[in-house]
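# Remarks on the overall topology
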Amino acid sequence: MKPKKTNIKIKHRKYNLYNRKKSKGKQAITVVLMIVIVLALAVIGYGAGKPIVEYFSSRGGESSDSTPSWTPPATAEASGDASSEETQTDNSSVPDDKTSEPEQQLAGMYILPENKVFDAASLKQAVISAKNAGYDGVVVTAKDEEGSFLYSSEISGIKGAEPVKGTLTAKEMCDIITAEGLVPAARFSTLLDRTSGGYVGGCYTLSDGSGKWLDAAPSNGGKKWMDPFSEECRTFMGSISEELSAAGFKYIIAADTMYPEFHPSDYSVYLYSLPIGDAEKRVEALWAVIDAVRAGAEKHGAAFAAEVDGAALLSDSRQSTDAELSGNAEKLSGITLLINYSGESSYSGAKAFIGRTGAQFPGLKYSVAADSEDVGDAVSDIRRAFNEAGTAVYVR
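If you're wondering where the values come from, they're calculated on a predicted model, not measured in any experiment. (Residues numbered from 1 in each chain as written. Predicted model: local features only at pLDDT ≥ 70, side-chain atom pairs only at ≥ 80, totals over all residues. Heavy atoms only, no water.)

A few words now on the overall build of the protein chain. Secondary structure assignment for the protein chain yields 14 helices and eight strands. Counting every position in the protein chain, which comprises 396 residues, the buried fraction comes to 40%. Considering only intrachain contacts with a sequence separation of at least 6, the fraction spanning at least 24 residues in the protein chain is 75%. Approximately 23,000 Å² of the protein chain is accessible, and the part contributed by carbon and sulfur atoms is 54%. (Helix = DSSP H or I, 4+ residues; strand = E, 2+ residues; numbered from the N terminus. Buried < 20%, exposed > 50% of the residue type's maximum accessible area, 1.4 Å probe, protein only. Contact = heavy atoms within 4.5 Å. Areas by Shrake-Rupley, 256 points an atom, 1.4 Å probe, with all protein chains shown as cover.)

Structure below.
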């Protein structure tokens, strides 16, 4: 007999493993355990964290005592506004300290016209004009290419003599300049001197002793020159420099330290007793004059510079120019030059000159003098180029 089939009804329940319903007793135990764990962590964290916090706090205190705190620079990104961006753009054009330093030291020296130094009224007016134009100092010509003294010199043999054209003493000139708050500087022609040698000696003399040498026939306007091989010449140049520096001039500039253009007959007939054909001795004699002028300047604390022509300095042949003294590179590196700039009146032209000068004479110390004919943008561009190179600019 077969078993009787019974219909079994299966009852389905919705069951969620993660939402399993806990009994009320188990829920109470869970809450208590969570509270205990939180309290334990709080105690442990405080005990371990407090020493750490105190350690770093003490380190911070020590650091603030020895090193100032860093302050971030103000930039357009930090402020986030348009005005800050404009300020940043403007500041980018301001030169750094190195670029502006020469402008602060020797900014705007002005070389006065020679006709402005003969009397007190003219000199004062010229100095005031230079001051109002923004110059920091003025350069006066104390002795010109003719050998005329543009101040009242006290040098023996010259005092009261025909070459003295000026009425002011060197000290009176300095006092007028410094009274306006400007720096006084003086330049004078050394070997290119047509008259003074006849009063103090030191000009070229014919080798046969028959008279004074002239650079051309008298009928063609021949003139005398000072002879750098002569001890009298060197002493005279040193005396001028010493007189000017003692009067208060802060810079002494030696100009026209050069030889004339000798004729073939001068080497063999008229000046055969002098080594004018020996390149090394020629340069040596020029430096003897430079050294005498420099010693006279430095005796009373004045700075010294030798004036040379820029085109001649960069020329392949410098003989019978004021750049011939560059034949002694070692001596040249020990002085400052005032280079008469004769390049292009533009920023790029001045930059090109700076590059050529640096290539031919590495480490050369120099300032430049530019003509006042280069006005407006030309002077501004020339000055900007040289100042960027750390070079002072004089204007004549």
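Here we take up helix α6 (residues 170-179). Listing the buried residues of α6 in full gives A170, M173, C174, I176 and I177. One face of α6 carries all of its buried residues, which in axial projection span an arc of 160 degrees. Elements in contact with the buried residues of α6: α5 (120-132), β2 (137-143), β3 (183-189) and α8 (231-247). At the C-terminal side of α6, G181 shows a positive phi close to 80 degrees. (Arc of directions from axis to C-beta.)

A separate point is the side chain of R234. Along the chain, R234 turns up in helix α8. What R234 contacts, discounting residues up to four positions off in sequence, is P228, F229, A288, V289 and A292.

This part is about the sheet that holds strand β7 (residues 365-370). Strand order in the closed barrel made by the eight strands is β1-β2-β3-β4-β5-β6-β7-β8, with parallel pairing throughout. Across this sheet, the average inter-strand angle for adjacent strands is 30 degrees, counted without regard to direction. The sheet contact formed by β3 and strand β4 (residues 251-255) spans five bridges and is parallel. Opposite S189, over in β4, you have A255 as the bridge partner. (Pairing = 2+ DSSP bridges. Axes fitted to C-alpha atoms, helices over the stretch in contact; angles between N-to-C directions.)

Here we come to unusual backbone geometry. In this structure, D256 takes a positive phi of about 60 degrees despite not being glycine. Within the element layout of this structure, D256 appears in the loop between β4 and α9 (264-270). The backbone of S320 shows a phi angle near 60 degrees, a positive value even though the residue is not glycine. Its location among the elements puts S320 in the loop between α11 (310-313) and α12 (329-332). Judged by its relative accessible area of 9%, S320 is buried.

Once that is clear, we can look at the packing of α5 against α6. Between α5 and α6, whose axes approach to 9 Å, the crossing angle comes to 35 degrees. Every pair of crossing elements has a handedness; the one defined by α5 and α6 is right-handed. Every residue of α6 that contacts α5 at A120, L123, K124 and V127 is listed here: M173, I176 and I177. Residues that form the contact of α5 with α6 fall into these classes: six nonpolar, no polar and one charged. (Left-handed = near helix turned anticlockwise from the far one by under 90°. Nonpolar A, V, L, I, M, F, W, Y, C, P; charged D, E, K, R; others polar.)

Once that is clear, we can look at the packing of α8 against helix α10 (residues 279-298). Geometry of a packed helix pair, given as the angle between the helix axes and the separation of the axes. Remark: α8 packs on α10, axes separated minimally by 7 Å, with the N-to-C direction vectors making an angle of 25 degrees. Taken together, the axes of α8 and α10 are roughly parallel relative to one another. Relative to α10, α8 is oriented so that their crossing is right-handed. In this structure, α8 uses R234, M237, G238, S241, E242 and S245 to contact α10, whose residues at the interface are A288, V289, A292, V293, G296 and A297. (Parallel < 35°, antiparallel > 145°, perpendicular 65-115°, else oblique.)

Let us look at the state of the cysteines. A full pass over the atoms with the stated rule returns zero disulfides. C203 takes part in no disulfide bond, and the closest cysteine sulfur to it belongs to C233, at a distance of 9.3 Å. Assessed through its relative accessible area of 5%, C203 is described here as buried. For C233, a relative accessible area of 0% gives the class buried. (Disulfide = S-S within 2.5 Å.)

Shape descriptors only; they carry no functional weight alone.
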